[in-house]
Amino acid sequence: MEKLYKPLVTSDTRIKVSSTLDKTVGKKNLTDGNPETCWTSQQGLPQIIQLVFPERVCPVRLILTFQGGFVGTQCGIDTAVSPEDPSWSTLTYIHPEDVNRRQVFQLPEGGSDGIRCLKFRFEKSSDFFGRITLYELQLEGLTP
């Protein structure tokens, strides 16, 4: 029987980003569900997106839509059990393609107890200046 995954990023999820180009392309655009809006970082690497969930979650699938030419082509995904004491450990690395289409990544299981924090470290970009433009960020999974 196939498990049904639910969206893990909700209005209660706290989102932090390392930088934003300007207010029109802020972090709120990452999860607003509007394909016309995006988050764009300033130049320089690494760029970081950090999620803090209101309860423990078990992420299984990551969905990203970048703007071609501004893709985070190497991304470390780190997890932490608690936002009060974020001892980060690397869950996996993903290597998105430099394309304008939705990309889906299966994540390894990070333990049945779940996590409270997830961090994306974009270490390489297809943009010469290291900028990232992301139209969609969805995380699906389970709650323990």
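Summary of the structure given here. (Residues numbered from 1 in each chain as written. Predicted model: local features only at pLDDT ≥ 70, side-chain atom pairs only at ≥ 80, totals over all residues. Heavy atoms only, no water.)

### Topic: the overall build of the protein chain
Here is step 1: Within the protein chain one finds zero helices and nine strands.
Here is step 2: In the protein chain, the succession of helices and strands from N to C terminus is β-β-β-β-β-β-β-β-β.
Here is step 3: In terms of overall size, the protein chain behaves like a compact globule, its C-alpha atoms giving a radius of gyration of 14 Å where 144 residues would be expected to give roughly 15 Å.
Here is step 4: C-alpha atoms of the protein chain, sized along the principal axes, occupy 40 × 35 × 25 Å.
Here is step 5: Across the 144 residues that make up the protein chain, the buried fraction comes to 47%. (Helix = DSSP H or I, 4+ residues; strand = E, 2+ residues; numbered from the N terminus. Rg over C-alpha atoms; globule rule 2.2 N^0.38 Å. Buried < 20%, exposed > 50% of the residue type's maximum accessible area, 1.4 Å probe, protein only.)

### What about the pattern of salt bridges?
Pairing between side chains becomes possible if they bear opposite charge and their charged atoms approach one another.
Here is step 1: The full count for this structure, using the stated rule, is six salt bridges.
Here is step 2: Measuring nitrogen to oxygen at the nearest pair gives 2.5 Å for the salt bridge that ties Asp78 to Arg121. Of this pair, Asp78 sits in strand S5 (residues 72-80) while Arg121 sits in strand S8 (residues 115-125), placing them 43 residues apart in sequence. Here Asp78 matches Arg121 in class, with each residue buried.
Here is step 3: Glu97 is paired through a salt bridge with Arg101; the nearest N and O atoms lie 3.5 Å apart.
Here is step 4: Judged by its relative accessible area of 47%, Arg101 falls in the partly exposed class.
Here is step 5: Among the charged side chains, a network of salt bridges with common partners joins Asp78, Arg121 and Glu123. (Salt bridge = Lys/Arg side-chain N within 4 Å of Asp/Glu carboxyl O.)

### Focus on the pairing of strand S4 (residues 47-66)
Two faces, one strand: in a regular strand the side chains alternate between the faces of the sheet.
Here is step 1: Taking burial as the measure, the 20 residues of S4 include 15 buried ones, the bulk of the element.
Here is step 2: Pairing of strand S2 (residues 14-17) with S4 involves four bridges; the strand directions are antiparallel. The residue of S4 that forms the bridge with Ile15 is Leu51.
Here is step 3: Pairing geometry for S4 and S8, over seven bridges, is antiparallel. Directly across from Gln50, in S8, lies its bridge partner Lys119.
Here is step 4: Inspection of the sheet shows S4 paired to strand S9 (residues 133-142) by eight bridges, in the antiparallel sense. In the strand pairing of S9, Cys58 is matched with Leu142.
Here is step 5: Direction of pairing for S4 relative to strand S7 (residues 102-106): antiparallel, over a ladder of five bridges. (Pairing = 2+ DSSP bridges.)

### Quick word on the environment of Pro35
Here is step 1: Mapped onto the fold, Pro35 is located in the loop between S2 and strand S3 (39-40).
Here is step 2: Expressed as a C-alpha distance, the spacing of Pro35 and Phe122, which sit 87 residues apart in the sequence, is 21 Å.

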